[in-house]
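Notes for the structure review
The primary structure of each chain is shown beneath.
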Amino acid sequence: VVISASVCTKTGKAILSRQFMDISRSRIEGLLASFPKLIDNNEQHTFVETDSVRYVYQPLEELFMVLITNKNSNILQDIETLNLFVRAISDYCHTINTHEIEEMAFELSSVFDEIVNLGYREYVSLQQLRTIYEMESHEEKLAAEIEKNKEKEAKELLNRKAKSLELQRKEMQKKMAAGGMGYGNSMGYGSNSGYGNSGYGSNSGYGSNSGFGNSGYGNNYNNNNYGNNNYGNNGGFGNNSNYNQNDYNSDNRFNNNQQQNQPFRGKGMQLGHKNNNNVNDLVSQMQEEVNNQVMADQMAANSPNEPPTPTEPVHAIISEKISLAATHDGGLENLEIKGDMILRITDPNSTRLRIQLDNSFNRNFQFKTHPQVDKKLFNSGSVIALKDPSKPFPVGTPLGILKWRFATRDESFIPLSINCWPSLAANGTCDVNIEYELEVPNITLNNVSIIIPYPGMGNPTVGEVDGSYNINHQNRYVEWQIPIIDADNRSGSMEFNVQGNDTNSFFPVRVNFTSSQSFSNINVSINL
Amino acid sequence: MTEPCYTLIQQDDDKEQSTIQDLKKALEHGRDEQKIETMKKIITLMINGDPCSQLLMHVIRFVTPSRDKRLKKLLLNYWEVCPKTNPDGKLKQEMILVCNYYKNDLQHPNEFIRGSTLRFLCKLREPELLEPLIPSVRDCLNHKYAYVRKNAIFAIYSIYKNFPYLIPDATELISNILVVETDMSCKRNALVTLANISLPLAAEYLNSVWSQIDSFDEAMQLAVIEIIMKDCRNPTANKSKYIQCIFSLLQSNYASVKYDAATTLVTLSSHETAVKASASCYISLIMKVPDNNVKLIVLNKLNELREKHGRIIDGMTMDILCVLSSPDIEVRRKCIDIALEMVSSRNVDEVVSFLKKELVKTHDQEYERNTEYRQLLIHAIHTCAIKFHEVAANVVYVLMEFLGDAHNASAVDVINFVKEVLEKIPELRSKIVTKLMESFMEMKTGRVFRGALWIIGEYCLTVEDIEAAMNEIRNTLGDLPLLASEQRSYENENEDEKKDGEEKKSAQPRVLADGTYATESAFSSSTNAKKENKQKPPIRALLLKSDFYLGTVLAATLTKLILRYEELCQDAEKVNTLKSEAMLIMTGIINLGRSKFVNSTIDEDSVERIMTCLRTLSSVPEDKLLKEAFLNDSRNAYSQLVRTQDKKAAQEKELNKKNHAIQVDDVINFSLLKSKKNVQSENDEIEADLTRATGSSSKTAKVTSQLSRVMQLTGFSDPVYAEAYVNVHQYNILLDILIVNQTSETLQNLTLEFSTLGDLKLLETPVPHTLRPHGFHTVKANIKVSSTETGVIFGNIVYDGPGALDTSCVILNDIHIDIMDYIKPAYCTETKFRSMWTEFEWENKVNVNTNITDLRQYINHIMKTTNMACLTPEHALSGECGFLGANMYARSIFGEDALANICLEKQGDSIAGHIRIRSKTQGIALSLGDKITLNQKILKN
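Everything numeric here is computed off the predicted structure, so don't read it as measured data.

Calculation criteria
- Residues numbered from 1 in each chain as written.
- Chains lettered and ligands numbered in written order.
- Predicted model: local features only at pLDDT ≥ 70, side-chain atom pairs only at ≥ 80, totals over all residues.
- Heavy atoms only, no water.
- pLDDT = per-residue confidence, 0-100.
- Contact = heavy atoms within 4.5 Å.
- Buried area = accessible area lost by both parts, 1.4 Å probe.
- Salt bridge = Lys/Arg side-chain N within 4 Å of Asp/Glu carboxyl O.
- Polar contact = N/O pair within 3.5 Å; in protein donor to acceptor, adjacent residues only side chain to side chain.
- Helix = DSSP H or I, 4+ residues; strand = E, 2+ residues; numbered from the N terminus.
- Nonpolar A, V, L, I, M, F, W, Y, C, P; charged D, E, K, R; others polar.
- Phe/Tyr/Trp six-rings, centres within 6.5 Å; stacked < 30°, edge-to-face > 60°.
- Buried < 20%, exposed > 50% of the residue type's maximum accessible area, 1.4 Å probe, protein only.
- Lys NZ or Arg CZ within 6 Å of the ring centre and 35° of its normal.
- Pairing = 2+ DSSP bridges.
- Axes fitted to C-alpha atoms, helices over the stretch in contact; angles between N-to-C directions.

Focus on the confidence of the model for chain A
For chain A, per-residue confidence averages 70 on the pLDDT scale, and residues scoring 70 or more make up 72% of the total. Contacts for the low-pLDDT stretch residues 179-309 of chain A, under 50 throughout, to residues beyond four places or in other chains number 237 contacts.

Shown next as structure tokens:
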């Protein structure tokens, strides 16, 4: 086994010596000091033996590269090792002289370590040595990436919360201004994602922009979506959405300013409403999630001064999700509505309260209350209160107090019907006609996007369209965007043409939308 | 054992050394680049003996948080050299912080950082630090990258080796890994680890993979061999399987594996096939591997094998001789040495014919150092022929071709060989003599001629031979009478070249072999050069060059020839003609010797000798005694010499045999019944080899001998008493110093300072201590020695008293280092001694001044006190006369040579004379001279 690898001078002074076994300093220095006296320059072999060790060496210009081994060591292996050492030295040092070796001493000693480990030879090439020396690790980069993302997520969470609270405060102010109207100008936004269901929460990005109905914005947004398809933050697109965000924020502030002077005290109320068709498409969900992150990140960057805690002492959030799946001949497979109401109290003085709900809500829904909520009171008077009146609601933590669910196969409940009609045309293309119609006239749907997958390699050419569209080439779908659908604007259509002959490949069509109204009509009645 | 040392880095003395303050500042404020530079400085300082203990906290605070990889690597170097314990042996508090740092690095996502940290753990010897790291190390065993895993395995190995309780399940852990691991280098590490920590498990693993071994890579195969080597002592070992495996590994693709397999095979079994297989594997390695180092070492191995197993591999002599195709002379020499040892009557013919072929090749092929090789071959053939007379006849003619070789040594070797053959094999005589006379004209040197002439003188036994011999001699001499013909040719030349001026003579002193000074003169004129251009008969040329010794031999030969001719030939006329011619030659030599044509005039001894010959020939009636002396005595003397030489050789053989012989009461070892203990000792030898190499073998000296080395450093009445135990290791001196506070006050900042004279160097800087009243303390000081020279260590103890200002100092006795600890007797050949004697520059002449009266006793005494070996052979020293000369030789452990020559004369009751010591460096010559002067008088009874 190799005991030591050294670079020493002709007088036997070690410039650099690395030992691989436990050996005392004086011993190794002594061995090296006696080495030059043992060698004979006229010989054609480059090893010497004493009664205890063997030196295998090679001259390096003015210096010697010496391996000290025990006498039973395998000479064939040692010679190879020596050659590798010499090559490594000439690889790392430009010229081989005392000074250079001294300069590189630490680098060389770490390289030596790679060649011999505990006296045993490692079979490495110069290339591998280089890799190990540089220590470039893919793993590390990956870990750094993950770390970064985690940090980002944490920041995002923080900001989202801050944002939501800010918004809630503004809502509240508006509410106050509206003079206690049941529900008025409400912004659909994604604060619910902070409370759990991040899959749906992902749609919050749409929601938060809905108040503006800005199709340009939508475009930007979708570009962004496209660019971020794989992962990572695409700076250019990110900025676009950021810009819009800023607009949006300032608008909000404007509102805020208007109503700033009005006194308020009461219950905040929020509505979120979503419908998803065929939500089980994982790809789009993932995309949206990433987008969501980007958005939030930028929000964080732009609004660092927002207060982290809500200013409203009592805050109630109502959110509802509707999902349905329908066959393409119009039959309903199932429709499910899930909603919940979350109460968050920050003022310790207002913890003993009751919440009166509007009586107008749909009784056909199944309701579930928090176990501590008095169920009888709710059923009889639509009032939410704790069973034990002396007990307060918790302070600072959001508490889900009411949940409702509704499922049906009754087609009349479908809020928006889609009719997608692909037909084969000449020369191997398909014409697709698609139209929508609002079935429930008294609701308003915002930011509707209808996603139609298309087959084949060709690009679709879109003909007539109401609203705007967007083609995602990577995932091969056409996204049709309608900013708002309401009673005045209840139907629209689009047609496009694409290469392909399988009409079934245009299904399933997915629809996403948000709404500021809830399906169940649950509302907190405001009694000031 | 002292702290192991992993790195040595030379400190650049020219550079300005930074102070601790500077370094601290650089660490506090620097950026990564600057920190790297600073860390390098710190580590270099620490490696070279400055503990820098104040910097530890700074390093922890400012360097460990960095993410820079180079800094991380440097930090590992730093931890290696950084003392982790306080002087009292307890772990430093700061190390807890560091431990956390290790842990983080062990979980670092970068596989290279993990790996290098794991490797560092192999060098960590603090169980307190290791313990919290164990879980992380275990995790690393399952890491994705082989680089991490292989280092983790070794980390486990060294932790388990040092602190088995930290990983009680290491053996199972490793053996499990071995089964599931796919990377070869990890597998190798695991196998090596297992071999060292749990041999049975390793063997078990081997049992499960027999069939795959051939497909393993080089490292794995070597590891397998290592296990087999270790496990074969185990009584339950599956030896036959092992042997089978090794046999198959002999066919491995890797040369290194073959080598190890061959070595292992003979330890496993001493069966004839095994030995033969191993030997042929060695030979094929020698043939195939181009590296000379490998060839030489493998040849050594082969030689060991031959010594151990004697005749078994003799059949392979011819294969070994094939190695002669290698061009390196050293390899060839070794090869011939081995082959000669293996020559037996069975293969001698083959060997000799092979050697002959090689010899012929030297004529027409250009080898490097051709002449040396030729000499080697001739010597080899000579040796063979002496050992086995039957081949002598075969080779003698071939060898005689080389009589004309310009190279002195080989021709001399040949002529000696011829002499010996003639003496031993009478039937060859006449043929050889004829052949010899044929090659007479080709001989070049005096020594060869002398030998040849002697042979002719002794072995020309018939009339024809004698006449032919006379003829040849005449030819080699040229025109007679010598002086007159020279004169003539000289005059001719003078006429030709009148312009040639007087011949200038230059003279230069020269040391003769017998130590006297002689003057050698040489013509340096152009005529001389011309003269030499002219072809002169060889003996004449030599005579003109003043080789009168040759002249005397020639005279003696002529005398012998004539005397014999007289006996044989009845024809008185012929006898007288020859006789007168011979006498003419002899007188011619003397005349020539006294003329101006030779470089130096003939010496008295030669004249006297030639005159004796002349007188013998001219005396009438014949002097019976002289005749007898000429004709028979010299030959008898020679045959006696040959006989004694033979006898000596026989004796030596006998002696060797005796060494091999087993005493009557010795235990007989049957290989079948060999106790396991004996096998074990053989294997332990292999492990001891490593221990010896790392120098960790501890000599257990007797307590009494230790006590004799205690030196008192201060007086008993000094406030501080100190004594040292001087422990001389090979390259360093360990001073174990006991300090006793004799006062009733606490002594603060007590520091032991040393300075040295000579080639000594203090390794560590001293650390101050506080010593309580009447307390004591031991300090160890390590001093490095790098050459054999009288060294002196001075020292003093400095301490602060109770008052702030009173610093006291106690001067210590000097410690003298005895050079005899470093000088070991050694042997070299006489020629080497001579060449070194002329080469070395330093001479120290010591006059003999002693009370010893016996010459031999004196020499023995000197040898004992100086640790030198006597090179002069025993028989040269034996016998009684008033004179004695001897050469002595020794070598220091640093590789320095020391030569001594002793010339003694007994004058009445006392001995006079001198001892001359020569060496390459002044130190050793002076020290040895001092030693002799000091010791020669004192003779203990």
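Further notes follow.
Details of the interface of chain A and chain B
Listed per partner, the contact involves 71 residues of chain A and 84 residues of chain B. For the pairing of chain A and chain B, the buried interface totals around 6,900 Å² over both sides, and the portion due to carbon and sulfur atoms is 53%. On the chain A side of the interface with chain B, the three residues burying the most area are Arg25(A), Phe106(A) and Met135(A), jointly 12% of the side's total. Linking chain A with chain B are eight salt bridges, by the criterion used here. A salt bridge links Lys40(B) to Glu107(A), with the nearest nitrogen and oxygen atoms 3.0 Å apart. Across the contact surface, chain A and chain B share 19 residue pairs in polar contact (both at pLDDT 80 or more). Ranked by the residues each element gives to the side of chain A that touches chain B, the list is headed by helix H1 (residues 25-38) of chain A, at 11 residues. Counted by class, the side of chain A that touches chain B contains 25 nonpolar, 22 polar and 24 charged residues.

A closer look at the packing of aromatic side chains
Evaluated as defined, the whole model comprises 23 aromatic pairs over all chains. Ring geometry for Tyr436(A) against Trp480(A): centres 5.4 Å apart, planes inclined by 55 degrees, an arrangement best described as tilted. Taken together, the positions of Tyr436(A) in strand E16 (residues 429-438) and Trp480(A) in strand E20 (residues 477-485) put the pair 44 residues apart, joining distant regions of the chain. Of the residues examined, Trp480(A) reaches a relative accessible area of 0% and is grouped as buried. An aromatic cluster is built from Tyr78(B), Trp79(B), Tyr101(B), Tyr102(B) and Phe120(B), whose rings are joined through pairwise contacts. The cationic tip of Arg510(A) hangs over the ring face of Tyr477(A); the distance from NZ or CZ to the ring centre is 5.9 Å.

Remarks on the sheet that holds strand E4 (residues 53-60) of chain A
Overall, antiparallel pairing links the six strands, which are arranged E3(A)-E4(A)-E5(A)-E1(A)-E2(A)-E1(B) in an open sheet. Each of the sheet's edge strands pairs with one partner strand only, and the pair in question is strand E3 (47-49) of chain A together with strand E1 (7-9) of chain B. For this sheet, the mean angle separating the axes of adjacent strands, direction not counted, is 15 degrees. Bridge analysis of strand E1 (residues 2-8) of chain A against strand E2 (residues 14-19) of chain A gives five bridges, and the strand direction is antiparallel. Bridging across to E2(A), Ala5(A) finds its partner in Arg18(A).

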